[in-house]
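Each chain, written out:
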Protein chains: 2
Amino acid sequence: MSYRAPVAEAVFFLEHCTSLKRLAGQGALAEFSADLVGSVLEQAGKFAGEVLAPLNRSGDQEGAHFANGKVTMPKGYPEAYRAWAAAGWSAVTAPPEWGGQGLPVALNAPCIEFWNSANMAFAVGPLVSMAAIDAFHAHGSDELKRLYLEKIITGEWLATMQLTEPQAGSDLALLRTRATRGPDGTYRLKGTKIFITYGEHDLTSNIVHFVLARLPDAPPGTKGISLFLVPKFMVKPDGSLGARNDLRCASIEHKMGIHASPTCVMNYGDNEGATGFLIGEENKGLACMFAMMNNARLAVGLQGVGIAERAAQQALNFARERRQGRALGATDGASTIIAHPDVKRMLITMRALTNAARAICLKNADALDRTKHLEDEGERWIAHEEANLLTPVSKAFSTDVGIEVTSLCIQVHGGMGYIEETGAAQLYRDARIAAIYEGTNGIQAIDLVTRKIGQSSGKALERMLAGYRDTAHRLATMKEPAFGPISLRLKEAIDALERASAHLAGKLAKAPNEALAGATPYLRLFGLAAGGAYLGETALAAKVAMIAGDADPAHPARIATARFFAENIMPASAGLERVVVDGAGSVMHSDQVLSA
Amino acid sequence: MSYRAPVAEAVFFLEHCTSLKRLAGQGALAEFSADLVGSVLEQAGKFAGEVLAPLNRSGDQEGAHFANGKVTMPKGYPEAYRAWAAAGWSAVTAPPEWGGQGLPVALNAPCIEFWNSANMAFAVGPLVSMAAIDAFHAHGSDELKRLYLEKIITGEWLATMQLTEPQAGSDLALLRTRATRGPDGTYRLKGTKIFITYGEHDLTSNIVHFVLARLPDAPPGTKGISLFLVPKFMVKPDGSLGARNDLRCASIEHKMGIHASPTCVMNYGDNEGATGFLIGEENKGLACMFAMMNNARLAVGLQGVGIAERAAQQALNFARERRQGRALGATDGASTIIAHPDVKRMLITMRALTNAARAICLKNADALDRTKHLEDEGERWIAHEEANLLTPVSKAFSTDVGIEVTSLCIQVHGGMGYIEETGAAQLYRDARIAAIYEGTNGIQAIDLVTRKIGQSSGKALERMLAGYRDTAHRLATMKEPAFGPISLRLKEAIDALERASAHLAGKLAKAPNEALAGATPYLRLFGLAAGGAYLGETALAAKVAMIAGDADPAHPARIATARFFAENIMPASAGLERVVVDGAGSVMHSDQVLSA
C-alpha cells in the first residue's frame, strides 16, 4: 500500500515535452527557474506519501461524520490539512499580489496528481478551493478580495463551489436558489444546494461558499444566473470572524467512495436569508464560472491520473510478491505472477494508460501556462485554443483511465482485490466519481464536439493534428527499432481522428444529433491519438538522452511504454472512427430498443 | 428499483435460436414440452421480482453477520431461501433419480439470470450448491448420495465448493489442506480454506462441504488432490443429524460487494480432524471438479448477464423520468434525458451488450443440453466441443459486460449514481466479483486459447465459425435494410477472429508466451463475433415473425439491437485482431516498463 510519487517521470516530461524551460525566467515567471521543478515535486511527493497516503484507508473506513449540522472529518485530517496549507501547497499557482506563488500550472499539475494518488478524498476539497480562487480573482471586487482571497490562498479558509440543485445537475438553467437585493448592496440567499464537496467540515475556521443563484427579475435559463460569495461566518473589516451566516449543512451523502470527502446538502435562508456578496455582474454568474472551468476540469483529469498511478503501483507491487502457477520456461515452483503474460499485459496496460493520461494533462497544463505567459498575442491565442481542445480530453479520457486502471488493479489481485482490506477496492470505488463531477464525461465529449473542434473554423484542430503528425514523422526518421511501429500506429490514429473530425463537422451542420451521438467514441479516439503522440514525444526525448550516453533505465522503459501503447491500445482507433461515422445513425434510429 | 424479468426475450431466444424444441419430448426429456418454458420462466421471474429483489438493498446494507463461529444472514434471507427451495428452483436440472426435475440447462439458465438480477448476493449461494450437485452426482457413491444428494437437490441443505487457500488461488497445485485415511474408510481433514462462498450461514440445518485436500502420500501438484464430502453435521444412517463435525467458520470477509453473501475462512481439524468422505478416487479430485466446471462457469456468466440486465432496466427507468437540458428539436422546457443522443447511446449500449451476453450464455446452455440429450454420438461430441468453446466466453465476456453495463448505469444517473441510496452503486460493486471467481477472466482466456480453439485440430472452431458465416449469409440475402450493415460487420468480425485464431495456433507451437499474451483481447474478439452472430440470429427470427404478420414491437427492437451492436460494438474487432497479432510481442518485450 506504500505510494512513491513518480517525480522523475513528471520532471522528465515537463523538461522535454513542455514549454516550461522556455517560459521560466520571463515576464511573470522571471523568478521561476526550471531547475526548481525537481525539488518542488520531490517535496510534494514526500508530503503525499508520508502524510496523506497513510490516512487514505482510515479515512475511507471512518468517513466524514455528520451530526447536528456539523461535519467531523476523519482522524488526522485536520492536522494533515493544516500541514498541507502551511507548506504553501494551496498557493502554488495563485496570484502573487494576494499571497500566491504565481507558479506555472504545469508545476502544480503533478502536485495535484500526487495529492490524489495519496488520498483522493482529501485532495478534492483543496482542489475545489483552488478552482474558486481562479474565479474569485478574475471577477471579485478588491474589497472582497482583501477580506477573503488571501486567506483562501494561504489555505487558512477553504472555499466551495455551489452549482448543483436537486433538479439542476448538468442543466444549470433549471436552478432555483433565489437571491434578493438588500438595501446595503449585499444580497439575501434562500434555497438548497446538493452534492456540495466540502460544504461543511472542521478543517478551517471559516468556509467561503461561491454560490450560483437567481435574482427575482433575472431572465430565465442560464442568462439569469449570478454568482455570490457567501461566507459561513461573516468577516469584519479587520478580518476577524463575525456572526454565523444563515446557512447550514443539512446532511451528507452516503457515497460509494471518497468517504472522507463530505458531500453536503446545503440549506440557505432558514431565517432571514444568507448574506451574499455579488461576484462579477448580476446575471453573469456563469461567465465567472468559466474563469475556473478549464483549471478545474484539468484538476479532475489529474485525479484520474493520480488514482490510476496509485493502482498501477499497487498492482505491480502485488504481482512482484504473489506466487501462483509456473510460468512457461520457469524451472522450479510457482512463479511470481508478474511472469505470466496475461498479468504482464494488465500491468503494462495500466502503466501505458496512466502515462498517456498524465502526458495529456501535462500538455494541457502547459497550454494554459502558454496562454498566460507567452509574449506574443497570436501565440497566446493558439495556446488558448489548444488548452480548450485538450481540457475535455484531459478530464474525460483521464478519468475513464482511472476507472479502467483501478479495475485492472482489482483483477491483478484476484479474489484479494475484492476484499476491502487490500485497498484495491477503495481505489476502484473512489475513482468512479471523477467521470461524473465537474461535467460528466458525456458533457465533456459534447463540449469537445460542439465547441472545441470547430474553433477558428477548425484551424485549432488542424494545428494540433499537424503537431501529432510531426511527432509521427520524427519517430519514423529516427533510428530505433521500436519507433517504426509507433509511428505507423500513430499515423493511423491521426488519420482516423482527422476523418472522424471532418465527418462530425459535416454532421453538426446537417444532423447535429448524430454528431452528439458520436461524441463519446470521438473523445476516446482523440485521447488515443493525443496520448500516443505525447508518449511518442517522450520516447523521442528518451532516445535523444540515450544517444547522449544517459544510461537511466527509465529511458528504454519510456520507449517500451510508447510502443506498447501504440500496439495494444491505439489499434482501437479504426473501430472508434467507424463507430463515430457509421454508428451514430443507429443510435438515433433505435428508439424501438428503448420503448419495447 | 423495480425489476421486471425479461421473460419474453428469453422465451423468444430459446424457441427460435436453440434446440430446445427439437430436444423436447425425446429421450430423457420425453415429458418436457417446450410449451412449458414460458410459464416456468414467468414463475421464476415473478419470484425473483417479488421475493428476492426487495431484499437486495437491505441485504447490502445489513450484510451477513459473523460472531462466535456463526453467520447470521440478513433479515428476510432465510424465509426467502426456504420459499425458493420449496418452489423447486434448486432442482430444475438435477437428476430425477435423486429428486431432481431433469430439465434442460437452457431452461434453468434464464432462471439463474433472474435470481442474479434480483439479488446476486442471494443467488450465489444456491449457484454453488447446484454446481456441487453435478460433481457429486457424477462421482459420489450411491451410499453417500442416498444420505446427502437428495437433500441438496431439494435445497433442504446447501452445499459448498472449497478449493481456495491463502497460497492457492488460481494455482491449485499449491494447496495444503491434509486428509489422512481413517481405519473406517473415512478421512480426517486438517487445514484452512478461504474465500468460501456460503461456507457458513443460517439458511439450512446442515451444510455439505466439498473440499479439496491432499493425502499424505499424494504426488505433488494437481495430480495429488482428492475431493471430500465433509458435512457440517454428521448424518446418521436414517438421515437425521448427528454430531457437529470438526470444522468451523473462523471469520468472514469484508468485501466491496455482495455483502449478503458470507465469504468464509474455514478451519478444518482444530481437534481430531474433520471427518470427510472420498468422492471419486484418491488423487482424482480435480477430475471430479471438471464435472461441474462448465455449468458453474456458465452460471457465473449468467450472473454477469443478470446484473447487466438489472442495470440496463434501472438506467432506462431513470432516464425516462429525469429531466435535464433541452434536446435538439424539443420545444419546451427540459427534456427527459433519454432524448439526449449521448444518453441514448449509453442506454442502447447497455441493452445490446446485455442481450449479446445472454445470447452467448443461452447458446452455451443449449450446447450443454445437446451434449447430454442428442441421440447421435457424433452430434453429441460436436455439441460437447461447442460447449467447451463457449464456456470461457460465456464466463468472461458476460462478466466483463456486467462491469461495463453497471458502470454505464452509474454514468446515466450522474451524481445520483454515486450515492448508495440509488442502488446503481451496489450493482457496480456486486458485479465486480464475477470477473474474478470461478476462474478469473484471464484464466478463461487462457483456457480458450490453449485448450479450446485447438479441439479436434481446430475443427470445432471451424464448425462454429462456419455457423456464424451462415448467419451472416442469411442476413445478407434477406430483404431488410438493417441486415446489410449487420451482415457486413459480422463478416468482418468473423474474418478477424479467424485470422487471429490462426495466428494463435501458430504462436502456440513456436512462442506460446505470445499466444498467452494475446488471450484476453482474443476472448473479447470471440465474444464480439459470437454475440453479433447470435443477435443476428435473433434478428432473423424476428424478421420471419414480422413477415408472418406478428406485430409485436419487440421484433423491430430485436433487429435494431442487432444493428446497433454491429455498428457500435463490433467495429472493435479489427483493432482486437491487431492487438492479438501485433501487440503480444510488445507485451513480452516490455519488461523494462515493469522494472524501471
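A quick note: this is a predicted structure, and the numbers were derived from the prediction, not measured. (Residues numbered from 1 in each chain as written. Chains lettered and ligands numbered in written order. Predicted model: local features only at pLDDT ≥ 70, side-chain atom pairs only at ≥ 80, totals over all residues.)

Regarding the relation of the copies chain A and chain B
Definition in use: Overlaid copies result from least-squares superposition on C-alpha atoms, with residues included only where pLDDT is at least 70 in both. Here, residues touch in the contact sense if the C-beta positions derived from the backbone fall within 7 Å of one another.
Least-squares fitting of chain A to chain B yields an RMSD of 0.0 Å, with the transformation described by 0.0 Å of translation along the axis and a rotation of 180 degrees. When the rotation and shift are considered jointly, the pair of chain copies conforms to a two-fold rotation axis. Counting the interface residues of chain A, we find that 100% of their copies in chain B are interface residues as well, pointing to one common contact surface.

So, the environment of Leu278 of chain A
Residue and element names in this part refer to chain A. This is how the line gets drawn: A run of H or I in DSSP becomes a helix once it reaches four residues, and a run of E becomes a strand once it reaches two; helices and strands are each numbered from the N terminus. Three exposure classes are used, based on other C-beta atoms lying within 10 Å of a residue's own C-beta, which is placed from the backbone: buried for 20 or more, exposed for 12 or fewer, and partly exposed in between.
Following the sequence through the fold, Leu278 ends up in strand E12 (residues 274-279). Residue Leu278 is classed as buried on the basis of its 23 C-beta neighbours within 10 Å. Distance from Leu278 to Phe210, taken between C-alpha atoms, is 9.6 Å for residues 68 residues apart in sequence. Sequence-distant contacts of Leu278, that is, excluding residues within four places in its chain, are made with Tyr187, Ser226 and Phe228.

A few points about the nonpolar core
In plain terms, the rule: Nonpolar core, as used here: buried Ala, Val, Leu, Ile, Met, Phe, Trp, Tyr and Cys residues forming one set through C-beta atoms within 7 Å.
Ranked by internal contacts, the top residues of the largest apolar core, which has 436 residues, are Ala132, Phe228 and Ala315 of chain A together with Ala132, Phe228 and Ala315 of chain B. Sequence-distant contacts of Ala315 of chain B, defined by excluding residues within four places in its chain, comprise Leu347, Met350, Leu408, Cys409 and Val412 of chain B.

Examining the domain arrangement of chain A
The criterion, for reference: Bear in mind that the domain bounds are from an automatic or database domain assignment.
Domain assignment breaks chain A into domain 1 (158-286) and domain 2 (443-590). Between the C-alpha centres of domain 1 of chain A and domain 2 of chain A the distance comes to 40 Å.

Side note on helix H12 (residues 441-452) of chain A
Burial runs high along H12 of chain A: 10 of the 12 residues are buried. Here H12 of chain A has its buried residues at Asn441, Gly442, Ile443, Gln444, Ala445, Ile446, Asp447, Leu448, Val449 and Lys452 of chain A. Packed against the buried residues of H12 of chain A are helix H10 (377-413), helix H14 (483-510), helix H15 (512-517) and helix H16 (519-547) of chain A together with helix H9 (341-373) of chain B.

What to know about unusual backbone geometry
The phi torsion of most residues other than glycine is negative, and most of the peptide bonds are trans. Residue and element names in this part refer to chain A. Residue Asn283 is not a glycine yet carries a positive backbone phi of 70 degrees. In this fold, Asn283 is placed in the loop between E12 and helix H8 (285-321). On the neighbour-count criterion, Asn283 (18 C-beta atoms within 10 Å) is partly exposed. For Glu438, which is not glycine, the phi torsion reads 60 degrees and is therefore positive. Position of Glu438 among the secondary structure elements: in the loop between helix H11 (424-431) and H12. A residue is classified by how many C-beta atoms lie within 10 Å of it, and Glu438, with 27 of them, is buried.

Some thoughts on the packing of H9 of chain B against helix H16 (residues 519-547) of chain B
All names here are of chain B. Note the following rule: The angle between two axes is taken between their N-to-C directions and runs from 0 to 180 degrees, where each axis is a line fitted to C-alpha atoms and a helix contributes only its stretch in contact. By definition in this entry, angles of less than 35 degrees are roughly parallel, angles greater than 145 are roughly antiparallel, angles of 65 to 115 are roughly perpendicular, and the rest are oblique. Three residue categories are used. Nonpolar comprises Ala, Val, Leu, Ile, Met, Phe, Trp, Tyr, Cys and Pro, charged comprises Asp, Glu, Lys and Arg, and polar comprises the others, including Gly.
Contact pair H9 / H16: the axes reach a minimum separation of 8 Å and the direction vectors enclose 90 degrees. Accordingly, the angle class assigned to the pair H9 and H16 is roughly perpendicular. Contacts between H9 and H16 involve Asn355, Ala356, Ala357, Ala359, Ile360 and Lys363 from the former and Gly527, Ala530, Gly531, Tyr534, Leu535 and Thr538 from the latter. In the contact of H9 with H16, the residues fall into 7 nonpolar, 4 polar and 1 charged.

A look at the interface of chain A and chain B
Across the boundary between the two partners, chain A contributes 77 residues, which contact 77 residues of chain B. When residues of the side of chain A that touches chain B are assigned to their parent elements, the largest contribution, 10 residues, is made by helix H18 (residues 572-588) of chain A. A per-class count over the side of chain A that touches chain B returns 40 nonpolar, 22 polar and 15 charged.

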